[in-house]
Amino acid sequence: MNSQTENDALAPPVTTKISLNNVYKIFGEDTDKALDMVRAGKTKSEIHSSTGCSVGVNKASFDIQAGEIFVIMGLSGSGKSTLLRLLNRLIEPTAGSIEIDGQDITKMSRRDLIEVRRRDISMVFQSFALLPNRTVINNAAFGLEVAGMGEAERNAKALLALEAVGLAGYADSMPDQLSGGMKQRVGLARALASEPTILLMDEAFSALDPLIRMEMQDELVRLQAEHSRTIVFVSHDLDEAMRIGDRICIMQNGDVVQVGTPDEIVMNPANDYVRSFFRNVDVTHVFKAGDVARKTQVTIIDRQGVTAAAALERMKTFDREYAIILGRDKTYHGVVSQTTLVENMRSGHSDPYRAAFLSEIEPIPADEPLSNVLGRVAASPWPVPVVDNSRRYLGSISKSTLLETLDRAS
């Protein structure tokens, strides 16, 4: 089994929650003619000049995975908010299919669509949109009240949602008694109260000051870790997208230009437009140790009967000064070097193989930011091993690997 196959076997199965296939949105009256033109490859300006129509979204096709935070970003007018609203048909698509859990919502009746919205989808906007004459708990329960839920049940659900965002103690307060960040938490609680599987968020934190905004980002990531909802988050802020997004969708003039993880986009931007977004990004804050670890070092399975001589021979065969010692389950056990093996063999040690372990080497967790790893790798005379949460070996980071990563991203 190769390393990629091993990683695939260990990864949880990927389930598609939302799937878009050739989705278009054209605003205007002569949409049929405009759709024919856009399919023929005409530009937005040509279509507008000929039909008066505006292309909001052009042939969007991608999947959103269950349980991920999927960020849609782009410049003003790129179509990101339009695309978000297509996902629950607040805006009707001109063409294409949008599937949620395998059901095409573009073909649903109004009644069925309303049921899907009530059961599966909640939305959070930039505006707090709190009702000033209602208490915090009544604001959080408002959507459930509109849906016809009884008072006792909706208040219980609203209180649980307020507890989730840290505002249970403010349930009886009025909105004007809250700070901006607290008001947005109430808006988030209102969205969570219906226990949706999908959360759509349109520039939800952009009205907050930078410190509170960061706190809300952390809160969202924490809530996601606890409940694993599918979150689609529109943002124009690159730092925000990189901070919270599992994957990022970059839009330009209605086109989906690129979809990928932050490190995929940084390392392989689709075009100059995408490259311009990430030109000044500090990649050491984007990448984790696991992203740059490479399985280029010799590995030796630590089992009964392994000798220093056998380990040394393997290292010489592959021209490596160091070897990573692993258990049968790929867990990290340690590192030996040719030098320490030879020294202990010459000294007549009773177990030169065990004595050769470099005890001072502590592996780096895979989720450690690369910014925290730079100094250690630079100062280390040997490649530094990287492990996952179960201490399974993922690879090592050498000085050359680190320099190559930084050079490619520059």
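The name an unreviewed UniProt entry assigns to the protein chain is Quaternary amine transport ATP-binding protein, from the organism Rhizobium rhizogenes. If you open the UniProt record of the protein chain and go to Catalytic activity (unreviewed entry), you find "a quaternary ammonium(out) + ATP + H2O = a quaternary ammonium(in) + ADP + phosphate + H(+)".

(A) Examining the overall build of the protein chain more closely. Check the secondary structure of the protein chain and you find 19 helices and 16 strands. If one aligns the C-alpha atoms of the protein chain with their principal axes, the spans along those axes are about 85 × 55 × 35 Å. Within the protein chain, the proportion of its 410 residues that are buried is 48%. Pairs at least 24 residues apart make up 64% of the contacts formed inside the protein chain by residues separated by at least 6 positions. Approximately 20100 Å² of the protein chain is accessible, and the part contributed by carbon and sulfur atoms is 47%.

(B) Region of the structure containing the confidence of the model for the protein chain. Averaged over the protein chain, the pLDDT score is 87; the fraction of residues at 70 or greater is 94%. Low confidence marks residues 1–11, where pLDDT is under 50. Its contacts with residues over four positions away, or in another chain, come to five contacts.

(C) Examining the side chain of S122 more closely. Residue placement: S122 occurs in strand β6 (residues 121–124). Residue classification places S122 among the buried positions, given a relative accessible area of 9%. Polar side-chain contacts of S122 include one of 2.7 Å to the backbone oxygen of A191. Among the polar contacts made by the side chain of S122, one reaches the side chain of S194 at a distance of 3.0 Å. Setting aside anything within four residues of it in sequence, one finds S122 in contact with A191, S194, P196, I198, L199 and L200.

(D) Spatial organisation of the UniProt feature "domain: ABC transporter" (unreviewed entry) in the protein chain. Per the UniProt annotation, the sites labelled "domain: ABC transporter" (unreviewed entry) are residues 18–278. Helix and strand shares over residues 18–278 are 42% and 24% respectively, and the end C-alpha atoms of the span are 27 Å apart.

(E) Quick peek at the nonpolar core. Counting residues in each nonpolar core, the largest one holds 62 residues, and the members touching the most others are L188, M201, F233, I250, F278 and I397. Ranked by residue count, the leading element in this core is helix α9 (residues 180–193), at seven residues. If near-sequence neighbours (up to four positions away) are discounted, F278 is found in contact with L238, M242, I250, I265 and V266. One finds I72, L83, V232 and V234 within the second-largest nonpolar core, a separate group that totals 28 residues.

(F) The arrangement of the pattern of salt bridges in detail. In total, this model carries 17 salt bridges according to the counting rule given. A salt bridge links R391 to E362; its shortest N-O distance comes to 3.6 Å. With R391 in the loop between β15 (384–387) and β16 (393–397) and E362 in the loop between α17 (352–355) and β14 (364–365), the pair connects residues that are 29 residues apart, well separated along the chain. Exposure remark for E362: the relative accessible area of 46% places this residue in the partly exposed category. Put simply, E115, R119 and D120 are held in one network by salt bridges that share partners.

(G) Structural view of the sheet that holds strand β13 (residues 332–337). Read across the open sheet, the three strands follow the order β11-β12-β13; overall the sheet is mixed. Each edge of the open sheet is held by one strand with a lone partner, namely β11 (298–301) and β13. Along the sheet, successive strands turn relative to each other by an average axial angle of 30°, direction set aside. Where helix α15 (residues 308–317) meets the sheet, it contacts β11, β12 (322–326) and β13, and its direction lies at approximately 155° from that of β11.

(H) Quick look at the environment of A193. Turning to its location among the elements, A193 is positioned in helix α9. Here the alpha-carbon distance between A193 and F142, two residues 51 residues apart in the chain, equals 9.3 Å. If near-sequence neighbours (up to four positions away) are discounted, A193 is found in contact with A140, L144, K157, A158 and A161.

(I) Structural detail: helix α2 (residues 31–39). Buried within α2 are the following residues: T31, A34, L35, M37 and V38. Along the axis of α2, the buried positions cluster into a sector of 160°, meaning they face one direction only. Exposed side chains of α2 directed beyond 90 degrees from the buried face belong to D32, D36 and R39. Of the surrounding secondary structure, the elements contacted by the buried residues of α2 are β1 (16–27), α3 (44–51), β2 (54–65) and β4 (95–100).

(J) How the structure looks around the sheet that holds β16. Strand order across the open sheet formed by three strands is β14-β15-β16, with mixed pairing between neighbours. Looking along the sheet, the strands with just one partner apiece sit at the ends: β14 and β16. Strand direction decides the pairing type here: β15 and β16, joined by four bridges, are antiparallel. Paired with P385 across the two strands is S396, which belongs to β16.

(K) Representation of helix α8 (residues 151–164) within the structure. Helix length check: α8 (14 residues) gives 20 Å between terminal C-alpha atoms against 20 Å at 1.5 Å per residue, within 8%. In this structure, the buried residues of α8 make contact with α6 (136–140), α7 (142–146), α9 and α10 (210–227). Positive phi shows up at G166, right after α8, with a value of about 80°.

(L) Representation of a negative patch on the surface. A surface patch of negative charge is lined by E29, D30, D32 and D36. With respect to the helices, strands and loops of the structure, E29 is situated in the loop between β1 and α2.

(M) Quick peek at the pairing of strand β3 (residues 69–74). The buried fraction of β3 is high, at six of six residues. Of the two faces of β3, the one holding I69, V71 and M73 and the one holding F70, I72 and G74 are both buried throughout. Note that β3 and strand β8 (residues 230–235) share five bridges and pair parallel. When the bridges of β8 are listed, V71 appears paired with F233. Across five bridges, the pairing between β3 and strand β9 (residues 247–252) is parallel. Paired with M73 across the strands is I250, a residue of β9.

Definitions and cut-offs
Residues numbered from 1 in each chain as written. Predicted model: local features only at pLDDT ≥ 70, side-chain atom pairs only at ≥ 80, totals over all residues. Heavy atoms only, no water. UniProt positions renumbered as here; feature names shortened; annotations may be inferred. Helix = DSSP H or I, 4+ residues; strand = E, 2+ residues; numbered from the N terminus. Buried < 20%, exposed > 50% of the residue type's maximum accessible area, 1.4 Å probe, protein only. Contact = heavy atoms within 4.5 Å. Areas by Shrake-Rupley, 256 points an atom, 1.4 Å probe, with all protein chains shown as cover. pLDDT = per-residue confidence, 0-100. Polar contact = N/O pair within 3.5 Å; in protein donor to acceptor, adjacent residues only side chain to side chain. Core = buried A, V, L, I, M, F, W, Y, C linked by side-chain atoms within 4.5 Å. Salt bridge = Lys/Arg side-chain N within 4 Å of Asp/Glu carboxyl O. Pairing = 2+ DSSP bridges. Axes fitted to C-alpha atoms, helices over the stretch in contact; angles between N-to-C directions. Arc of directions from axis to C-beta. Expected span 1.5 Å × (residues − 1). Patch = residues over 30% accessible without salt bridge, like charges linked within 9 Å, V, L, I, M, F, W, Y side chains within 5 Å. Lys, Arg positive; Asp, Glu negative; His and termini not counted. Charge placed at Lys NZ, Arg CZ, Asp CG, Glu CD.

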